[in-house]
Amino acid sequence: MVMTSVKAPATSGRRAPGVRVSGLSVVYRTPAGELPAVSGVDLELVPGSITGVVGESGSGKSTLALSLLNAVQPPGRISAGSVEIDGLGDVVRLRGEELRKARGRHIGYVFQAAQNSLNPLKTVGKQLLDLGRSHDVADLRALVRDARDLLGRMGMDGARVLDSHQHELSGGMRQRVGIMLALVLNAHLVVLDEPTTALDMITQANILRIVREVHEERGLTTLVITHDLGVVAEIADRLAVMYGGRVVEQGPTRQVLGAPRHPYTQGLLRAIPRLVGDIDEARALPGRPPTLGTIPATGCVFRERCPLRAEICATAEPRAISLGESIVACHVAEAGAGPEGRTRQAAEARKAREEHT
Amino acid sequence: MTVIARRLGGHLARGLVMILVVTTISFVIIRNIPGDPLLARYEKLIEQGMSPEQAERATAVLYGFMPSGSLWEQYLDYMSGLFRLDLGQSVSMPGAQVTDVLASAAKWTVLPVLVGTLLSFLVGVTMGVYAAIRRSGKLGDVLAVSGSLLHGLPQYVLALLLSAIFTTLLPILSSGGTADIMVEPGFNAAYIGSLIEHATLPIATYALASYGGWILAMKSSVVTVLGDDFILAAELRGLRRGTVFRYVARNAILPLFTILALSLGLLFGGAIFIERIFNYPGLGLLLIDSITNRDYALMGGAFLLITVAIVIANIAADMLYTAIDPRVRSGEGGAA
């Protein structure tokens, strides 16, 4: 599926865009100098797919998400790489008004549910009108109608929600309002940052169903950032695992969760407690994830916690190599070591996935 | 809106009770200040050889009345007068109604304090926004330090400083009184110019003294709001800069409106030092004089005015908040 990179008029019928992140690095300025939060990330969002990015806190997944809108907040900045979005070009090079207009109209961003992403002093409807006016929407009535339809589509009373302030809405309702605001201008690339965090299980399931359905109905390219493997297992077609600012493994969700190649992915899956069986079977990953200041400058970022650590891991950074349908950055996986160990882990992981979904 | 009407009704009822309670307390306190002027005059006349009846009559003629009832009777008399807006007669200015005296003094306090407060609010809030936006630069530092300095300086020190600088060291402004006594009062340029000249220093003192507070409060409020998620969310939705700025400003200024309303309530009572220093004949000076002269009625009237102003300001602050913050409007508790 190829789309021309010629900029299409904003209102013409658009299809799901493809996104190519290449060599993306983001650094944060600190008293100790500029420290990398994301380094050399390559990631492709296939048009019309849902891609999940998982990682622990501080793995750089939210920074990556913000990079897609060229919205890394100071003191951070994108130091290298590009984010090519079909119909927009390299977002990293967009500035000023061009960038502002791309946000909202081409790329929708949905905040974490726990965050207050609405102005507490204005009704949802008034903020919708602000959005429309900011993007020079000529027919504001049609915009309100679209918003009402979208809200109705997500199981809410659109007219009432538009007339409500943030404090009158529950967490799940706010999240659906956030999704509405991200989609109402007909954006076809949607980034969801922790869309279900801090929601109860039932609301969480509802939101994921809505994301999935809206994604299919409107023909979107969707990126979901989460720390919850259950979430990606449920909705993502493709999955990227981040650790220490790098994508250590990516591929089709089934492949990555069913036959994880990277020891970090394997460790993550082992750490999920099972509904049946001994709770002690779940094994937490030893150690803790690196912070900005403790990411090793050379070698593999995961080696401190890696059960398969080899000599080479301390000196050379692993290349990203294709293994089957997956792309993995690990020396040991590259050398193809431990086939029997991997089979065992794969079986365990498969079990994990089945129980989780 | 019925919610607002109900709220206002409750406030007014509570405010009325509050005023009555404060009036009662100040009535009792005032009557217990040592040194009764009428009694002093009366005793003096007796010393001069008058009979008690004569002395009483002479005092009554002099002041227009002579208190004869018990404290309790006086209190009831006073309170019933209150409901007719009759605050009695001044003792130190025989024949003058307290309400008239207060009204004529009030304008010399209300106008300068109002102008000074609003001026410093506008300038301080604007500078506070700049101080917040440029908080990592030189401009931000300068603004914040100037704010802290002025905020730390007591009002009366500031008044003395300004007075010393602009009337003695660099005599370009006059102080004392509301206008030059040589100028014919009336609607003419010379009189108005003189009015402005005399009001400049008191207004400057009010403005400078509160400016620091506004700039610091606004700065911290803006910094807090800038860090809020919905501002980033608004930017990521591609809202115009102007729209985002309005989101920030409206949310940041909210708590300051309460402080503004409350500080306007202190308008009538907070000017004592400054009016004393500039010899500006407003309510503050009137209050000092009435205490020196043991002018009960005038004192009571001045206290009443201050009380009413503060109660009204509190009600206004709450109603204002109800009007501009939807979270308060629909809030469950009416006690907010």
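Definitions and limits used
- Residues numbered from 1 in each chain as written.
- Chains lettered and ligands numbered in written order.
- Predicted model: local features only at pLDDT ≥ 70, side-chain atom pairs only at ≥ 80, totals over all residues.
- Heavy atoms only, no water.
- Contact = heavy atoms within 4.5 Å.
- Buried area = accessible area lost by both parts, 1.4 Å probe.
- Salt bridge = Lys/Arg side-chain N within 4 Å of Asp/Glu carboxyl O.
- Polar contact = N/O pair within 3.5 Å; in protein donor to acceptor, adjacent residues only side chain to side chain.
- Helix = DSSP H or I, 4+ residues; strand = E, 2+ residues; numbered from the N terminus.
- Nonpolar A, V, L, I, M, F, W, Y, C, P; charged D, E, K, R; others polar.
- Domains from an automatic or database assignment.
- Pairing = 2+ DSSP bridges.
- Axes fitted to C-alpha atoms, helices over the stretch in contact; angles between N-to-C directions.
- Core = buried A, V, L, I, M, F, W, Y, C linked by side-chain atoms within 4.5 Å.
- Buried < 20%, exposed > 50% of the residue type's maximum accessible area, 1.4 Å probe, protein only.

Novice: An account of the interface of chain B and chain A is needed here, citing residue identities and associated values.
Specialist: Across the boundary between the two partners, chain B contributes 21 residues, which contact 28 residues of chain A. In total, about 2,300 Å² of surface goes out of reach between chain B and chain A, with carbon and sulfur atoms giving 57% of it. On the chain B side of the interface with chain A, the three residues burying the most area are B:Leu236, B:Arg237 and B:Arg240, jointly 33% of the side's total. The tally of links from chain B across to chain A stands at one salt bridge. A:Asp136 is the salt-bridge partner of B:Arg240, the closest N and O atoms lying 2.6 Å from each other. At the boundary of chain B with chain A, the tally comes to 10 residue pairs in polar contact (both at pLDDT 80 or more). Only α9 (229-236), α10 (241-265) and α14 (326-329) of chain B provide two or more residues apiece to the side of chain B that touches chain A. Partitioning the side of chain B that touches chain A into residue classes produces nine nonpolar, four polar and eight charged.

Novice: An account of the domain arrangement of chain A is needed here, citing residue identities and associated values.
Specialist: All names here are of chain A. What the domain assignment reports for chain A is domain 1 (19-236) and domain 2 (251-356). For domain 1 versus domain 2, the distance between C-alpha centres works out to 28 Å. Contacts between the two partners involve 14 residues from domain 1 and, on the opposite side, 13 residues from domain 2. Of the roughly 1,000 Å² buried between domain 1 and domain 2 on both sides combined, carbon and sulfur atoms contribute 67%. Linking domain 1 to domain 2 there are one salt bridge. Two residues, Arg305 and Glu56, come together in a salt bridge whose shortest N-O distance is 3.4 Å. Scanning the region where domain 1 abuts domain 2 turns up three residue pairs in polar contact (both at pLDDT 80 or more). Mapped by element, the contributors of at least two residues to the side of domain 1 that touches domain 2 are β1 (19-30), β2 (33-45) and α8 (229-235). Broken down by element, the side of domain 1 that touches domain 2 gets its largest block of residues, four residues, from α8. In the side of domain 1 that touches domain 2, the residues fall into eight nonpolar, four polar and two charged.

Novice: Pulling in residues and values, what's your account of the pattern of salt bridges?
Specialist: Counted according to the given criterion, the structure contains 19 salt bridges over all chains. Overlapping salt bridges bring together A:Arg153, A:Arg209, A:Glu213 and A:Glu217 as one network.

Novice: Break down the sheet that holds strand β9 (residues 238-243) of chain A for me, with residues and values.
Specialist: All names here are of chain A. The sheet built from eight strands is open, its strands ordered β6-β7-β8-β3-β9-β10-β12-β11 with mixed pairing. Every interior strand has two partners, whereas the edge strands, β6 (107-110) and β11 (321-323), have only one. Taking each pair of neighbouring strands and ignoring which way they run, the sheet shows an average axis angle of 20°. Pairing analysis gives four bridges linking strand β3 (residues 50-54) to β9, with the strands arranged parallel. Counterpart to Val54 in the pairing with β9 is Val241.

Novice: Explain the nonpolar core to me, using residue names and the numbers behind them.
Specialist: Residues and elements named next belong to chain A. In terms of nonpolar packing, the biggest core is built from 78 residues, with Val177, Met180 and Val184 touching the most fellow members. Residue assignment places this core across two domains, with domain 1 (19-236) and domain 2 (251-356) each supplying three or more. Within the second largest apolar cluster, 40 residues are counted, among which are Val26, Val41, Leu69 and Leu223.

Novice: So what about the pairing of β9(A)? Which residues, and what values?
Specialist: Residue and element names in this part refer to chain A. Taking burial as the measure, the six residues of β9 include five buried ones, the bulk of the element. As paired strands, β9 and strand β10 (residues 246-252) are joined by six bridges and run antiparallel to one another. Bridge pairing in β10 links Leu239 to Gly251. Between β9 and β10, which follow one another and run antiparallel, lie two residues, and Gly244 among them has a positive phi close to 55°.

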